[in-house]
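Given next are the chains, with one letter for each unit.
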Amino acid sequence: DAGVIQSPRHEVTEMGQEVTLRCKPISGHDYLFWYRQTMMRGLELLIYFNNNVPIDDSGMPEDRFSAKMPNASFSTLKIQPSEPRDSAVYFCASGLPNSPLHFGNGTRLTVT
Amino acid sequence: KQEVTQIPAALSVPEGENLVLNCSFTDSAIYNLQWFRQDPGKGLTSLLLIQSSQREQTSGRLNASLDKSSGRSTLYIAASQPGDSATYLCAVRRGTGGFKTIFGAGTRLFVKA
């Protein structure tokens, strides 16, 4: 299994631009999570899906952030418009209820 | 609201020492607890998963314990090696109303050769 695949690995963009982060979960995993990691706040859960349905988006910082999961093998996290304070590493993870969470290698986002 | 705290925030030890990392959580109604390792610039790697009904799990030189009633877990690393240098995070999955998994801030471990 290739594991959780995220793209791009690095993204540098200017303030105000739209950013789209992508994730392919491990096949068969019915839970998908988006996390954001910063030095100041650590790992924060943004949103998670079960069977492609968003279950809890209470961690999404504001309306500029949106996430979709159109099918079991693909999810996106979009920021529009981006701001410098969105700079962070964004992780996608997938899992099953009684098994460990598996993380991707993350997308390092820099907004200038 | 579940809060997860890890102590110490950072730890530096000489090679060969046995060490204990601590994790505490405020809501004991958990489904399971997981310990992860994160190397600089990398994603998280799962080390051990303890279900709420279990007391401990072992993998090689690692042993994790869980005491739900007191809201504590420990990760014991035996005979530490320089390759163990990393950040160790614990994560608690809620027991009811969903699958939310909350992380502690981590313990940065440095093992000196």
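Residues numbered from 1 in each chain as written. Chains lettered and ligands numbered in written order. Predicted model: local features only at pLDDT ≥ 70, side-chain atom pairs only at ≥ 80, totals over all residues. Heavy atoms only, no water.

A. Quick look at the pairing of strand E8 (residues 74-79) of chain A. Residue and element names in this part refer to chain A. Judged from the 5 bridges that link them, strand E3 (residues 19-24) and E8 form a sheet pairing that is antiparallel. Across the sheet, Arg 22 pairs through a bridge with Thr 76, a residue of E8. Here strand E7 (residues 65-71) folds back onto E8, and the loop between the two strands holds 2 residues. (Pairing = 2+ DSSP bridges. Helix = DSSP H or I, 4+ residues; strand = E, 2+ residues; numbered from the N terminus.)

B. Quick peek at the sheet that holds strand E3 (residues 19-25) of chain B. Residues and elements named next belong to chain B. Across the sheet, 5 strands lie side by side as E1-E3-E8-E7-E6; this open sheet has antiparallel pairing. Each edge of the open sheet carries a strand with a single partner, namely strand E1 (4-7) and strand E6 (56-59). Across the sheet, the axes of successive neighbouring strands diverge by a mean angle of 15°, strand direction being ignored. (Axes fitted to C-alpha atoms, helices over the stretch in contact; angles between N-to-C directions.)

C. Inspection of the side chain of Asp 84 of chain B at higher detail. Residues and elements named next belong to chain B. Along the polypeptide, Asp 84 turns up in the loop between strand E8 (72-77) and strand E9 (86-94). Taking the relative accessible area as the measure of exposure, Asp 84 reaches 7% and is therefore buried. One polar contact links Asp 84 to Arg 61, side chain to side chain, over a distance of 2.8 Å. When neighbours within four sequence positions are excluded, Asp 84 is seen to be in contact with Arg 37, Arg 61, Ile 77, Leu 109 and Val 111. (Buried < 20%, exposed > 50% of the residue type's maximum accessible area, 1.4 Å probe, protein only. Polar contact = N/O pair within 3.5 Å; in protein donor to acceptor, adjacent residues only side chain to side chain. Contact = heavy atoms within 4.5 Å.)

D. Looking closely at the interface of chain A and chain B. Contacts between chain A and chain B engage 21 residues on the former and 20 residues on the latter. A combined buried area of about 1,600 Å² lies between chain A and chain B, and 56% of that area is made up of carbon and sulfur atoms. Inspection of the chain A/chain B interface yields 1 salt bridge. At the boundary of chain A and chain B, one finds 8 residue pairs in polar contact (both at pLDDT 80 or more). When residues of the side of chain A that touches chain B are traced back to their parent elements, those giving at least two are strand E4 (31-38) and strand E5 (42-50) of chain A. It is E4 of chain A that contributes the most residues to the side of chain A that touches chain B, 4 residues altogether. (Buried area = accessible area lost by both parts, 1.4 Å probe. Salt bridge = Lys/Arg side-chain N within 4 Å of Asp/Glu carboxyl O.)

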